[in-house]
Amino acid sequence: MNLTLRIWRQSGPEDKGRMVTYQVDDVSPDMSFLEMLDVLNERLILAGEEPVAFDHDCREGICGMCGMMINGVAHGPQRGTTTCQLHMRQFSDGDTIDIEPWRAQAFPVIKDLVVNRSAFDKIIAAGGYITAPTGSAPEAHSVPVAKANADAAFEAAACIGCGACVAACPNGSGMLFTAAKVTQLSLLPQGQPERYTRVIGMVEAHDEAGFGGCTNAGECTVACPKGIPLNTIGRLNRDYLKATTKRADNTPGS
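From a predicted model like this one, the values you see are computed outputs, not experimental measurements. (Residues numbered from 1 in each chain as written. Predicted model: local features only at pLDDT ≥ 70, side-chain atom pairs only at ≥ 80, totals over all residues. Heavy atoms only, no water.)

Engineer: Explain the pairing of strand β1 (residues 3–9) to me, using residue names and the numbers behind them.
Structural biologist: Within β1, six of the seven residues are buried, leaving the element largely enclosed by the surrounding structure. Relative to strand β2 (residues 18–24), β1 is paired through seven bridges, and the arrangement is antiparallel. Note that in β2 the partner of Thr4 across the bridge is Gln23. Pairing of β1 with strand β5 (residues 96–100), which is carried by four bridges, proceeds in the parallel orientation. Opposite Arg6, over in β5, you have Asp98 as the bridge partner. (Buried < 20%, exposed > 50% of the residue type's maximum accessible area, 1.4 Å probe, protein only. Helix = DSSP H or I, 4+ residues; strand = E, 2+ residues; numbered from the N terminus. Pairing = 2+ DSSP bridges.)

Engineer: Can you tell me about the nonpolar core, naming the residues and giving the values?
Structural biologist: Across soluble globular proteins, nonpolar side chains show a tendency to be buried alongside one another. Formed by 38 residues in total, the largest nonpolar core has its most connected members in Trp102, Phe107 and Phe211. Of all the elements in the fold, those that place two or more residues in this core are α2 (118–126), α4 (164–168), α5 (175–186), α6 (195–208), α7 (219–223) and α8 (231–249). A per-element tally of this core places α5 first, with six residues. In contact with Phe211, other than residues within four places in its own chain, are Ala106, Phe107, Ala119, Phe120, Ile123, Val166, Gly172, Ser173, Gly174 and His206. (Core = buried A, V, L, I, M, F, W, Y, C linked by side-chain atoms within 4.5 Å. Contact = heavy atoms within 4.5 Å.)

Engineer: Give me the packing of aromatic side chains: which residues, what numbers.
Structural biologist: Following the criterion strictly, the structure yields five aromatic pairs and no others. Arranged with centres 5.9 Å apart and planes meeting at 45 degrees, the rings of Phe33 and Phe91 form a pair that is tilted. Placement of the pair is Phe33 in helix α1 (residues 33–46) and Phe91 in the loop between β4 (73–74) and β5, with a sequence separation of 58 residues. With respect to burial, Phe33 and Phe91 carry one shared label: buried. Taken together, a centroid distance of 5.7 Å and an interplanar angle of 20 degrees make the contact between Phe120 and Phe211 stacked. Here the residue Phe120 occupies a position in helix α2, and Phe211 occupies one in the loop between α6 and α7, the gap between them amounting to 91 residues. With respect to burial, Phe120 and Phe211 carry one shared label: buried. Aromatic rings pair up to connect Phe107, Phe120, Phe177 and Phe211 into one cluster. The lysine or arginine in question, Arg103, covers the ring of Trp8, its NZ or CZ lying 4.2 Å from the ring centre. (Phe/Tyr/Trp six-rings, centres within 6.5 Å; stacked < 30°, edge-to-face > 60°. Lys NZ or Arg CZ within 6 Å of the ring centre and 35° of its normal.)

Engineer: Break down the sheet that holds strand β3 (residues 69–70) for me, citing the residues and quoting the values.
Structural biologist: Across the sheet, five strands lie side by side as β2-β1-β5-β3-β4; this open sheet has mixed pairing. A strand with exactly one partner marks an edge of an open sheet, and here the two such strands are β2 and β4. Strand contacts of α1: β1, β2, β3 and β5, with the helix running at about 80 degrees to β1, the strand carrying the most contacts. (Axes fitted to C-alpha atoms, helices over the stretch in contact; angles between N-to-C directions.)

Engineer: Outline the packing of α5 against α6, listing residues and values.
Structural biologist: Where α5 meets α6, the closest approach of the two axes is 10 Å, and the angle between their N-to-C directions is 170 degrees. Taken together, the axes of α5 and α6 are roughly antiparallel relative to one another. α5 and α6 meet at a crossing whose hand is right-handed. Contact residues: α5 offers Met175, Thr178, Lys181, Val182, Leu185 and Ser186, while α6 offers Arg195, Arg198, Val199, Met202, Val203 and His206. Tallied by class, the residues present in the contact of α5 with α6 amount to six nonpolar, three polar and three charged. (Parallel < 35°, antiparallel > 145°, perpendicular 65-115°, else oblique. Left-handed = near helix turned anticlockwise from the far one by under 90°. Nonpolar A, V, L, I, M, F, W, Y, C, P; charged D, E, K, R; others polar.)

Below you can see the structure in the form of structure tokens.
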């Protein structure tokens, strides 16, 4: 395939960015999207030009590093797929493809398609720890967990922190990510002792990082490559309401 790529180029956080057009020929339909960018970068380097900077790591759809907007869609046109697992057979010969970084106040651009997602790390850090004994692994089934709770916890734990939810949200909210990290512990016995302090800390860290508020638009779940459901945010909201009520009840003089 012969393709026209319109790629966001930005030399640094304080520089003004712009869309630059490139032609890429003889693209195999079996290439992944990142392999196609590798081909472009090889040609740019041989021509003495600056290659396009983009995040990547495992290239197996696990780490979440490869996030970018492709034709205005987080991770591209194929549902439930990370950019590194998106193949060029999803496009046609002669297509023009727009490639941009995540657009969110909390994800400032570092260079080209690379954004700073350390705000997610701050949310995780605000969650603190769980009270669990260390040492050898406990006996199997020594801590009973209802299957419905175990399934929902594993579903939330599938979040890879790529930031597609933020990029797709019209408000730039990171609430789906935050909810996934909160609820994967709140559904399990090991997460109960710090359950309510955790949700308050993580939601406050979310807001302080500059993420927008959630208005249940649902775009986050559509863009999520791991299919984290919208009701995960509902679980967070219920825990947050209980947590703030408990905090108010324990306030001196209340």
